[in-house]
Every structure is written in structure tokens, then in C-alpha cells.
Amino acid sequence: MKVLKFGGTSVGSLDALKNVKLIIEREFNKNEPLIVVCSAFSGITNSLLLAAEEALAQNDFSEILKTAEDKHYQIISGLLPRTMQNPLLMLVKVSFNEIEDILFSVKNLGELSGRIKDRLLSYGEQLSSKIIATYLQSEDFPANYKDTRELIVTDSNFGNASVDFSKTNEKLKNWNPENQIYVVTGFISKDKNQDTTTLGRGGSDYTAAILGSGLKADEIQIWTDVDGFLTADPRLVKNAFSQPELSYQEAMEMSYFGAKVIYPPTMIPAIESQIPIYIKNTFNPENSGTLIHQKSEISKGLIKGIVSIEKTCLVNITGNGMIGMKGFSGRLFNALARYEVNVILITQASSEHSISFVVSFDDEKKAKIGIYEEFDFEINSNKIDEPQFDNELSIISVVGENMKKTRGISGKFFSALGKNGINIIAIAQGSSELNISAVIERNELSKALNVVHDSLLLSQFKTFNVMFAGTGNIGKELFRQLEREQKNLEENHQIKINVVGISNSREMRIFDNPESDFDLNNLSINSQKANLEEFINLISSKSLPNLVFVDNTSSEDVVSHYPQFFDKNISIVTCNKKGNSAGYEQYSKFKRLAKKNNVNFLYETNVGAGLPIIKTLNDLWISGDEILKIEAILSGTISYIFNNYVGDKTFAEVVRTAQELGYTEPDPRDDLNGMDFSRKMLILGREIGLPLEMSDVNIKDFLPEACLKADSIPSFYEELEKNEPYFSSLKNEAEESEKKLRLIGILESGKINIEVKIVDSNHPFFSLSGSDNIISFTTSRYKNTPLVVKGPGAGAEVTAAGVFADLVRVTAQ
């Protein structure tokens, strides 16, 4: 025998009811009974409650009733042939007349008792079940209506009645249903006085479990509007997915901490009878949903779900008088119980100086009354401090039976929150190790759910939300590489990069839905005037997890905003070397802020574009190798010019060709004056702990002063031609001795020099060609044969690739 329960949304429309019929048709076995538990049609219970409140407030409730009544008429006329409609139409009319009479009594007496409210609400389930039973009969199913008030006996605690299982099971034992379909009312029952009672929140689920247990059903199916238990709330976590199975305990924990698929107490009868429960989707019946049974075996994951309670209140009680006070906790929780305050989470300091606990947002006032009433003397005599109530908090919990005795789960959980700047206010974990809970600020809940979901490998992808500054050559090339490599990242590395915002000096755009809104070819659509301050605030206000800022500019203004990014726990990837080559205090400040906020600050492209220079240097430095000397050519422009200044070519001709090929800045002197080279060497020095300033970099001018001071670019080239004898003398000196001319930066003994050197064939820079960069590390370990890194060191493609590599490094950490 099976018991099927259909909730309000499952019976909320004509299409939904037709789905219900198809599901019943598939599940019905003519050789055994099928029990179908139905809730009221969607919205009807709320409408009846609202009408009662309006009546109690002496307001008009007729429109509310008319809307609810019309919904029943529409369903009857849409489902049934005309020949079967009249009895039900009359039933609805009579029922709503009775409802109206009850509400007028409430209005006239100014009183709404629990008994009257339960009687009023019972009409929703009675009507829906009778209509559905008739609908099935019209489709030639052997279906009958059954009122569960004939079967379920409770006490007289109206609104949340407790079941008398002894009497209820006796009635169920004597029922002996035949091999047909019974459409029964969920939620409602009767007490010993024959008054209608209701089973409280989740009442229809509870009805299904009570019937399943008492009738010894083979399984219980709860049909709702989601594909079973999801790993997180899909409204907050887009990557949430359904779990194929859960243990009873896992399902209870997830339900208790906010998963609204099933109400925890409703499972107890099924658990006691070891009846499997299936959670399935009425609107996607082919989905297997979630199986809840004794022990979960299919899914081997440590974590089964991340759940939350959005609105809670943390109560903190402290005081020296609490130390050694016997019975304090008993008095406290008895006081809360008197006011029917449910305590969700408890944590207490081992010193006994404080105790904290969490209650629901709605219970704050009752908790406050109970505490002040119980401890009035202690508070007034200063033995206990004034209790503190914080109602702007949420609880996030990770649940899974496989967490038991597994090391590192708590560390990963708390680390994921901390790395994203989410402050943990209180924590709790039971000895069963079934869940770990943390209390956090409510405005951080969405971000917290997403980062924990990603970090504990519940998501198919680890998602990073990236904001970009700069849409020049490097920026656009980076977008092309991201677009091209996204599939590879997702399929082979389980990394998903969302472009959530783009800004340049003129305009900015924020993408609410990155997957559909971001279009490489239409970056200016729906853009607004650029304002970096606003750009940062708008994106950070979205509470997105794993935020990264990528700076593809050369702007000092963008650099000035780096502290804001760090303070908001946003990692930075940058090719803008002006941040790290300005004052040493700024460089060290950025490093300190990144460390303090536990975020990444990566800038490999500051020195060698796509070459792994900084990473290689850091690996040597951190592993204890002594850096004796660094020699480098770190300018693609200078490399090209000196590699091609051979034979009969004049220096001016080589520079002009380099400019035509796009290797130089519009004014070639910006490359040849060595300033960019100096910045790179300065950064290398700082990376090995030297507190150097730009004034400490000694550049031995290669260009004559007349070339540097020329008043225009044409004049500059004229001066180059005039000074060709100077340039050619250097070239000839090198060629005559079969050596080569190189402009080299040297870091040695804490000093940086940039000067023209003539190198022989034994020097690693002798064979440099094209516009390649090269760097040589002479260290204690690499003393006789220096460690050399060589390759393309300029150009949008390789620089963008270097930025991309740094971005991927962020995702891996």
C-alpha cells in the first residue's frame, strides 16, 4: 500500500490537478488500496485566516471570501463534465454560507477562539478532497472521499493538536480499506468531544505519516513543487541540486534548520515504522526526487545540504553572578518554556560567565518577558548584566551523517566564511556530528550559503564573481580568452567565472545575470557613467561570494581604491604596476591589507607579462634560497631594439621600425628612458624584502640628453640620427669582439642599476632574440648555473594570458 500526499501548490490549479490525476494513475495498483492525502487548494487556507482576522478587526471580509469561493467554482467547471458539477457547486455554496455565518459570529462577538478557527480552516481540505475524489470518479477511477476526522483522534490543543496514537491506530486497524483510491483530508482531525482540530504546521504531511504508519504502508510519497531535498535554497544558491537520498536523521536536521520540504515532526510516525518517504515534484514527476530512509548509501558526499534560518534573534546573557550559580540554566530554559519559546541553538562559555542562545525572530518579545520576569532580582542587583538581544541574524548549518569522525570539515566550513569576510558570531555542533551551525549577520546569508556550497564541493562548479576595470587591448583580449576557455574551466577544472561588472574611464556596466547579460561584442549596452566608488559599492552590496577585482588599467586612480577592495574581502589581480612601484609604504600597505582580510593580491604581469617571474622569485625566497643577483631585460621594446640594432641599420631606423610594429609607446622615449624598466626592477627588489624607493634605482642614461629633451617626436628622431656615431660606437665595440649590446637591469647587494652592457656568448642574454624578455636568478642553489626564465614579455595577448593565469590561481586557493 502507498500513501500519496499532495500539497497546496500541487492542487493549486487546473493543470496541477491534471498532473495529480496522471500521477495517481501511474501509482494505483488495483490489487491494493491507494491513500491520497490532499491539502486545501493553494491560497485557500491563507484566505480563510485573513478573512477571520478581518472579521475579528470588525472589517469587511466579503471580497476575500468571494475570491476563495470563485476559485472552487473555476476548478469544478474546468475539471468536471457538466453532469457532475451541480452537487459540488451546491456543496461549495453551502460551505461558504456556513463560513460566512461563522465569520459574522466572530465579528459580532469580537472573539476568535482556537476551536472556531480550526473549524473554519477545515473547510479548505474538505472541499478540495471532495472535488478531487469526484474528478477521479469522472475519469473512471474507483475513488471515494474519506474524512480523516473519522480516523485521527487528538487532544483539544486547537491549532496544534497532539495525536492520541493509541485511539488513532485502533481506528485505522478497524478501517480495512478496499482496493480502491481513497481521497482523504489532510491537516484536520477530531478530539474526544467530536470538535474539529488541526495538526498545525505541516499538518497534511503529518496526516500522511500517521496514516502510513497506522495502515503499515510500504511507502509514503510527499508530492510538492521541488525535485526533492535540494542541497540549498535554490532562490539563494543557483547551483543547488537535489539529493537522491537522505537518512531520516539528515532529513530531520535539514528540515529543522530551514528546508521547507517537509516539517520535522511529521516524519516521526514514518521513522518509528521504518517506512521510506519519497519527496517528489508534481510538476516534474519523472524526476526521481529524494528517498528518505533508515540509512543513506547512494551519495558518498560528506555534506548532504546547507540550510539556513533567515530571521533569528541571538540572546546573550552575561554576568559574574552566573559563575557557580546552580540551576541557572534550568531556571532560564524553564522561563522560556513557560512562554512557549523554542530555543534553536545554545552555546555557553566554559567559564560559566555567559550563555548565548538563538530563538526565532517572532519569539524575541516572549523571550524577553520570560527572562526579565525570572531574573528580575539578579538583573537589578547587577549579578547579571542587561540581556542583549540581536535580531538581525541568521543561522547557516551544514548537514550530513558522513561528517562523523571526518577531520577538517569544521575548518573548511569556517575558512570559507572567513575568506569571504563573513563574521561568525556563534557556533554550535552536537556530539552526533550530524550538523555544524554558525550564527552570522542576516545581510551575509546569501553570500555565506554560496561560498559554503562551493567550498564543500556541493556545487558542480566553484563559482567566482569577477569585476573588471579597463577595456583596452589587454582587457578585451582577456575577455576573449575567458570566453574561449570557459568550457575548459568548467568541464576539466570545475571552475565557473562570472563577469559581474566592467568599468573603464568613461562608463561602467553591472550584470545582474552574468550568464545571459555579458556580451563581449556589446559591452556598452545599458551602461552608465563611470564612477569607481559607486561601481565597488553596487557590486559589493549584492553579497556575491568569491569576488575578485581585475585591474587591466594603468590608472593611479584605480590603484587608490585598492584598500576598499581589500576591506570588502575582494581579491585583486592586476597588471597595473603603478600600485606596487609607487612609494614603499603603499606597496607594504597593500600586502598587509590582503593578508589581514585573507584575500589574494596577485600581480605577476607587473614584471614579465605572461612569464612566471614573480612566482619563481617568491618560491626561491620563501623556500630559504639566498638571492645573490638578479639580471634582467624586462622590456619587449628595448629587447627588440637592441636585438635588431646590428649591421648597417641605424639606431633611429630600428626605433622607427619598432614604433611602426606597435612595440613602443606613441612616444618611444617613454620606453627608452627606462622608467617602465625601473618600476619592474623596483618591484623585484621589494619582493625579496628590500624597502626600496624609485630614487634607489640607478639608471645610467643610454640616450643622450638632447634626444630626451627633443620638443617633438620628429625632433627626437632627428636627434637620434645626429647621435648615430655615439650609438654605432657601442654597436661596433660589441661586434668587433663578437659580443652583443644589451640594456640590463641588475639587482645585487641591495642595489639596482640599469645600464648598457656588452655580453659575450657565455652570458645567458647573448642569444636573446625578437622582443623576448629574460631574467636570470643567481642564488645559493643556482650559483654556477643561474636559473633563467625567458619568453615573450610584452603584448596584449601574453599580458592577458598572465592576468588570466593569476585569476585561475585565485580560484585554486
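What you see is a predicted model, and the numbers here were worked out from it, not measured in a lab.

**With respect to the overall build of the protein**
Here is step 1 of the chain: What the protein contains, in helices and strands, is 31 helices and 30 strands.
Here is step 2 of the chain: For a compact globule of 813 residues, the expected C-alpha radius of gyration is about 28 Å, and the protein comes in at 37 Å, more than 25% above that figure.
Here is step 3 of the chain: Along the first, second and third principal axes, the C-alpha set of the protein runs to 115 × 70 × 50 Å.
Here is step 4 of the chain: Considering the protein as a whole, with its 813 residues, one finds that 53% of them fall into the buried category.
Here is step 5 of the chain: For the protein, the exposed area adds up to about 36,000 Å²; of that, 46% sits on carbon and sulfur atoms.

**As for the side chain of serine 128**
Here is step 1 of the chain: Of note, serine 128 is situated in helix H5 (residues 114-138).
Here is step 2 of the chain: Once you skip the residues sitting within four places of it in the chain, serine 128 turns out to touch Cys38, Ser39, Ala40 and Phe41.

**Section: the packing of helix H23 (residues 613-622) against helix H27 (residues 675-687)**
Here is step 1 of the chain: Closest axis-to-axis distance for the H23/H27 pair is 10 Å, and the angle between their directions is 25 degrees. With respect to each other, H23 and H27 are oriented roughly parallel. Crossing of H23 over H27 shows right-handed handedness. Here Ile613, Ile614, Leu617, Asn618 and Trp621 of H23 lie close against H27, whose contacting residues are Ile683, Leu684 and Glu687.
Here is step 2 of the chain: Among the residues forming the contact of H23 with H27, the class breakdown is six nonpolar, one polar and one charged.

**A word on the sheet that holds strand E16 (residues 426-429)**
Backbone-to-backbone hydrogen bonds join strands into a sheet, with any given pair of strands oriented parallel or antiparallel.
Here is step 1 of the chain: If you walk across this open sheet you meet the six strands as E13-E14-E12-E15-E17-E16, and the pairing is antiparallel. Because the sheet does not close on itself, it has two edges, and the strands there are strand E13 (343-348) and E16. Adjacent strand axes in the sheet meet at a mean angle of 30 degrees when their direction is disregarded.
Here is step 2 of the chain: Here seven bridges tie strand E15 (residues 388-399) to strand E17 (residues 435-441), and the two strands are oriented antiparallel to one another. Opposite isoleucine 395, over in E17, you have valine 439 as the bridge partner.
Here is step 3 of the chain: Sheet strands in contact with helix H13 (residues 409-419) are E15, E16 and E17, and its direction is about 15 degrees off that of E17.
Here is step 4 of the chain: Relative to the sheet, helix H14 (residues 445-455) contacts strand E12 (305-318), E15 and E17, its axis offset from that of E12 by approximately 125 degrees.

**With respect to the sheet that holds strand E5 (residues 181-185)**
Here is step 1 of the chain: A sheet is described by the order of its strands in space; here eight strands give the open sequence E3-E5-E2-E1-E8-E10-E11-E9, paired in mixed fashion. In the strand order of this sheet, the two ends are held by strand E3 (143-146) and strand E9 (245-247), each with one partner. Strand-to-strand twist of the sheet, defined as the mean angle between neighbouring strand axes without regard to direction, takes the value 20 degrees.
Here is step 2 of the chain: Where strand E1 (residues 2-6) meets strand E8 (residues 219-224), five bridges bridge the pair, whose relative direction is parallel. When the sheet's bridge partners are listed, leucine 4 is paired in E8 with glutamine 221.
Here is step 3 of the chain: Of the strands in this sheet, E1, strand E2 (34-38), E5 and E8 touch helix H7 (residues 203-214), which is tilted by about 160 degrees from E2.

**Considerations on the packing of aromatic side chains**
Here is step 1 of the chain: Across all of its chains, the model carries 25 aromatic pairs by this definition.
Here is step 2 of the chain: Between phenylalanine 333 and phenylalanine 357, the ring centres sit 6.0 Å apart and the planes meet at 65 degrees, which makes this aromatic pair edge-to-face. Here phenylalanine 357 lies in strand E14 (residues 354-360) and phenylalanine 333 lies in helix H10 (residues 328-338), a separation of 24 residues in the sequence.
Here is step 3 of the chain: Judged by its relative accessible area of 0%, phenylalanine 357 falls in the buried class.
Here is step 4 of the chain: Arranged with centres 6.2 Å apart and planes meeting at 75 degrees, the rings of tyrosine 562 and phenylalanine 601 form a pair that is edge-to-face.

**Here's the deal with helix H30 (residues 724-736)**
Here is step 1 of the chain: The end-to-end C-alpha separation of H30 is 17 Å, in line with the 18 Å expected for 13 residues at 1.5 Å each.
Here is step 2 of the chain: Listing the buried residues of H30 in full gives Glu724, Phe727, Ser728, Leu730, Lys731 and Ala734. Angular distribution of buried residues about the axis of H30 spans 155 degrees; they occupy a single face of the element. The exposed residues of H30 that point more than 90 degrees off its buried face are Pro725 and Glu736.
Here is step 3 of the chain: Packing partners of the buried residues in H30 comprise helix H25 (651-660), helix H29 (713-722), strand E27 (740-748) and strand E28 (751-759).
Here is step 4 of the chain: After H30 finishes, the residue glutamate 738 shows a positive phi value of roughly 55 degrees.

**Observations concerning H7**
Here is step 1 of the chain: Taking 1.5 Å of rise per residue, the twelve residues of H7 would be expected to cover 16 Å, and the 16 Å separating its terminal C-alpha atoms lies within 8% of that figure.
Here is step 2 of the chain: Counted residue by residue, H7 has twelve buried out of twelve residues, so it is predominantly covered.
Here is step 3 of the chain: Taken together, the buried positions of H7 are Gly203, Ser204, Asp205, Tyr206, Thr207, Ala208, Ala209, Ile210, Leu211, Gly212, Ser213 and Gly214.
Here is step 4 of the chain: Downstream of H7 by one or two residues, lysine 216 has phi in the positive range, about 55 degrees.

**Thoughts on the pairing of E28**
Here is step 1 of the chain: Both strand E26 (residues 697-699) and E28 contribute to a ladder of three bridges, which runs parallel. Within E28, the residue paired with isoleucine 699 across the bridge is isoleucine 754.
Here is step 2 of the chain: Of the pairings in the sheet, the one linking E27 to E28 comprises nine bridges and is antiparallel in character. If you follow isoleucine 746 over to E28, its bridge partner there is asparagine 753.
Here is step 3 of the chain: Hairpin remark: E27 followed by E28, antiparallel, with two residues in the connecting loop; positive phi at serine 749, about 55 degrees.

**Side note on the packing of H29 against H30**
Here is step 1 of the chain: Relative to each other, H29 and H30 sit at 55 degrees, their axes nearing to 5 Å. Here H29 is positioned oblique relative to H30, judged by the angle of their axes. Contacts from Leu720, Glu721 and Lys722 of H29 reach H30 at Glu724, Pro725 and Phe727.
Here is step 2 of the chain: A per-class count over the contact of H29 with H30 returns three nonpolar, no polar and three charged.

**Thoughts on the pattern of salt bridges**
Here is step 1 of the chain: Applying the stated rule across the entire model yields 35 salt bridges.
Here is step 2 of the chain: We note a salt bridge from lysine 366 to aspartate 363, for which the minimum N-O separation is 3.4 Å.
Here is step 3 of the chain: Between glutamate 687 and lysine 591 there is a salt bridge whose closest N-O contact spans 3.7 Å. Of this pair, glutamate 687 sits in helix H27 while lysine 591 sits in helix H21 (residues 584-596), placing them 96 residues apart in sequence.
Here is step 4 of the chain: Exposure remark for lysine 591: the relative accessible area of 34% places this residue in the partly exposed category.
Here is step 5 of the chain: Put simply, Arg331, Arg338, Glu373, Glu374 and Glu378 are held in one network by salt bridges that share partners.

**Let's talk about the environment of lysine 739**
Here is step 1 of the chain: Inspection of the secondary structure assignment puts lysine 739 in the loop between H30 and E27.
Here is step 2 of the chain: Among the residues examined, lysine 739 registers a relative accessible area of 32% and is labelled partly exposed.
Here is step 3 of the chain: Excluding residues within four positions of it along the chain, lysine 739 makes contact with Ala734, Ile758, Val759, Asp760 and Phe766.

**Points about the confidence of the model for the protein**
Here is step 1 of the chain: When the pLDDT values of the protein are averaged, the result is 91; 97% of them are 70 or greater.
Here is step 2 of the chain: Looking across the protein, the model is least confident in helix H16 (residues 514-517), with a mean pLDDT of 66, and most confident in E5, with 98.

**A look at unusual backbone geometry**
Here is step 1 of the chain: Although it is not a glycine, glutamine 274 sits at a positive phi angle of roughly 55 degrees.
Here is step 2 of the chain: Relative to the helices and strands, glutamine 274 is located in the loop between helix H9 (268-272) and strand E10 (277-281).
Here is step 3 of the chain: Here glutamine 274 falls in the partly exposed class, since its relative accessible area comes to 44%.
Here is step 4 of the chain: Despite not being glycine, glutamate 340 has its phi angle at roughly 55 degrees, a positive value.
Here is step 5 of the chain: For glutamate 340, a relative accessible area of 66% translates into the label exposed.

**As for the environment of tyrosine 248**
Here is step 1 of the chain: Mapping tyrosine 248 onto the fold places it in helix H8 (residues 248-256).
Here is step 2 of the chain: Separated by 22 residues in the primary sequence, tyrosine 248 and alanine 270 place their C-alpha atoms 9.3 Å from one another.
Here is step 3 of the chain: Residues in contact with tyrosine 248, not counting those within four places in the same chain, are Ala270, Ile271, Gln274, Ile275, Pro276, Ile292, His293 and Gln294.

Parameters at a glance
Residue indices begin from 1 for each chain and proceed along its sequence in written order. Local features are withheld for residues below a pLDDT of 70 in this predicted model, meaning they are given only at 70 or higher, and side-chain atom pairs are given and counted only at 80 or more; totals for whole chains, interfaces and linings count all residues. In computing side-chain properties, one takes all heavy atoms of the structure into account and sets aside hydrogens as well as water. Only DSSP runs of H or I covering at least 4 residues are called helices, and only runs of E covering at least 2 are called strands; the numbering of each starts at the N terminus. We take the radius of gyration over the C-alpha atoms and set the globule estimate at 2.2 Å times the residue count to the 0.38 power. Buried, partly exposed and exposed residues are distinguished by accessible area as a fraction of the type maximum, computed with a 1.4 Å probe on protein chains only: under 20%, between the cut-offs, and over 50%, respectively. Computed by Shrake-Rupley with a 1.4 Å probe, the accessible areas treat only the displayed protein chains as cover when residues are assessed. Any two residues whose heavy atoms approach within 4.5 Å are treated as being in contact. Only the contacting stretch of a helix is used when fitting its axis, a line to C-alpha atoms as for every element, and angles between N-to-C directions run 0 to 180 degrees. Throughout, the term roughly parallel applies to angles under 35 degrees, roughly antiparallel to angles over 145, roughly perpendicular to angles from 65 to 115, and oblique to all others. Note on convention: the crossing is left-handed when the near helix lies turned anticlockwise from the far helix by less than a right angle, right-handed when the turn is clockwise. Gly falls in the polar group here, along with every residue not listed as nonpolar (Ala, Val, Leu, Ile, Met, Phe, Trp, Tyr, Cys, Pro) or charged (Asp, Glu, Lys, Arg). Only strands joined by at least two bridges in the DSSP assignment are considered to pair. Note on aromatic pairs: the rings of Phe, Tyr and Trp (six-membered ring only in Trp) are paired at centre separations within 6.5 Å, and the planes decide the class, stacked below 30 degrees, edge-to-face beyond 60, tilted for the rest. Helix span, expected: 1.5 Å multiplied by one less than the number of residues in the helix. Relevant arc is that of directions from the helix axis to the C-beta atoms, nothing else. Just to be clear on terms, a salt bridge is a Lys or Arg side-chain nitrogen sitting within 4 Å of an Asp or Glu carboxyl oxygen. pLDDT is a per-residue confidence score from the predictor, ranging from 0 to 100.

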